[in-house]
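This is what each chain is made of:
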Amino acid sequence: VNFFAVDPVMLSRKIKEAHPEFQIVVLTKFLPNRIVANIKDREAVARIKVGKILPVDFDAVIVSDTRDLDSLPLITGLESQLTNPKAGTRVKSKRLNTALVDILRRIYSRKEFRKSVVETIDMTYPDKAFFVMDGITIVIGNSDFDNKLDALAATLGNPRVDKSKVDSIDLRFTDAAVTFKPEKK
């Protein structure tokens, strides 16, 4: 292959198509005769349950991540929409996109929740979508996510709210509805 005829952009695209496990492929030509490839593998940010448990990235691509994934959030409620997705394929699901982008990415991007751990996200009924964060069930629904996360941050940041006693917070209403765990006798 003639070095000068190689188009790094087109070759990068072909490599990504042949290897969907790569998130980023950048090829750079260096004269007189060298091409350097910078490749970034896709990284799992959650697990989805569709018969079996599969790791997925923010782009909804099933990844072949081999590290321990048990600490990643588990997204459920997708079983009726998906059948046996394969590694490297993008999952086309509005529910999954809502869970990954509208909920999980927004939570991770907010400083108020940096130390929090999202355990599960349930999308079985999108109008009643909920996630469990730090042991608290949070019902968020399927719209107005930024305002609802503002309300969640205000609720959890309220010094009068003892988080260890909170069982659930429903954000689908004008005011957050907080339910406390029953007191042990």
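Above this text is the structure in question.
Residues numbered from 1 in each chain as written. Predicted model: local features only at pLDDT ≥ 70, side-chain atom pairs only at ≥ 80, totals over all residues. Heavy atoms only, no water.

## Quick look at the overall build of the protein
Moving on, step 1. Summing up its helical and strand segments, the protein has three helices and ten strands in all.
Moving on, step 2. For the protein, the sequential pattern of α-helices and β-strands runs α-β-β-β-β-β-α-β-β-β-α-β-β.
Moving on, step 3. Each of the three principal axes of the protein carries a C-alpha extent, and together these read 80 × 35 × 30 Å.
Moving on, step 4. Buried residues in the protein amount to 39% of all 185 residues.
Moving on, step 5. In the protein, of all internal contacts separated by at least 6 residues, the share reaching a separation of at least 24 is 44%.
Moving on, step 6. Carbon and sulfur atoms make up 52% of the accessible area of the protein, which totals about 11400 Å².
Moving on, step 7. Placing the 31 positive and 25 negative side-chain charges of the protein at their respective mean positions leaves the two points 3 Å apart. (Helix = DSSP H or I, 4+ residues; strand = E, 2+ residues; numbered from the N terminus. Buried < 20%, exposed > 50% of the residue type's maximum accessible area, 1.4 Å probe, protein only. Contact = heavy atoms within 4.5 Å. Areas by Shrake-Rupley, 256 points an atom, 1.4 Å probe, with all protein chains shown as cover. Lys, Arg positive; Asp, Glu negative; His and termini not counted. Charge placed at Lys NZ, Arg CZ, Asp CG, Glu CD.)

## A word on the side chain of R47
Moving on, step 1. Along the polypeptide, R47 turns up in strand 3 (residues 46–50).
Moving on, step 2. Buried charge without a partner: R47 forms no salt bridge, and the closest opposite charge is D70, 4.1 Å away.
Moving on, step 3. At 3.3 Å, the side chain of R47 forms a polar contact with the backbone oxygen of L69.
Moving on, step 4. At a separation of 3.0 Å, a polar atom in the side chain of R47 contacts the main-chain carbonyl oxygen of L72.
Moving on, step 5. Apart from the residues within four sequence positions on either side, R47 is in contact with I53, L54, P55, L69, D70, L72, P73, L74 and I75. (Salt bridge = Lys/Arg side-chain N within 4 Å of Asp/Glu carboxyl O. Polar contact = N/O pair within 3.5 Å; in protein donor to acceptor, adjacent residues only side chain to side chain.)

## Things to note about helix 2 (residues 94–109)
Moving on, step 1. Taking 1.5 Å of rise per residue, the 16 residues of helix 2 would be expected to cover 22 Å, and the 21 Å separating its terminal C-alpha atoms lies within 8% of that figure.
Moving on, step 2. Buried within helix 2 we find R95, L96, T98, A99, L100, D102, I103, L104 and I107.
Moving on, step 3. Where helix 2 is buried, its residues touch strand 3, strand 4 (52–56), strand 5 (74–76), strand 6 (118–122), strand 7 (130–133) and helix 3 (145–157). (Expected span 1.5 Å × (residues − 1).)

## Brief notes about the layout of surface pockets
Gaps left between atoms show up when a probe the size of a water molecule is rolled over them.
Moving on, step 1. Looking at the largest pocket, its volume works out to about 160 Å³.
Moving on, step 2. What lines the largest pocket is E112, F113, S116, M133, D134, I136, L152, A153, L156, G157 and K163.
Moving on, step 3. Broken down by class, the residue content of the lining of the largest pocket amounts to six nonpolar, two polar and three charged. (1 Å grid on protein atoms, 1.4 Å probe; cavity = no way out; pocket = protein on both sides within 12 Å on 5 of 7 lines; lining within 4 Å. Points joined across faces, edges and corners; volume = space filled by probe spheres on them. Nonpolar A, V, L, I, M, F, W, Y, C, P; charged D, E, K, R; others polar.)

Function-wise, these values are silent; they only describe arrangement.
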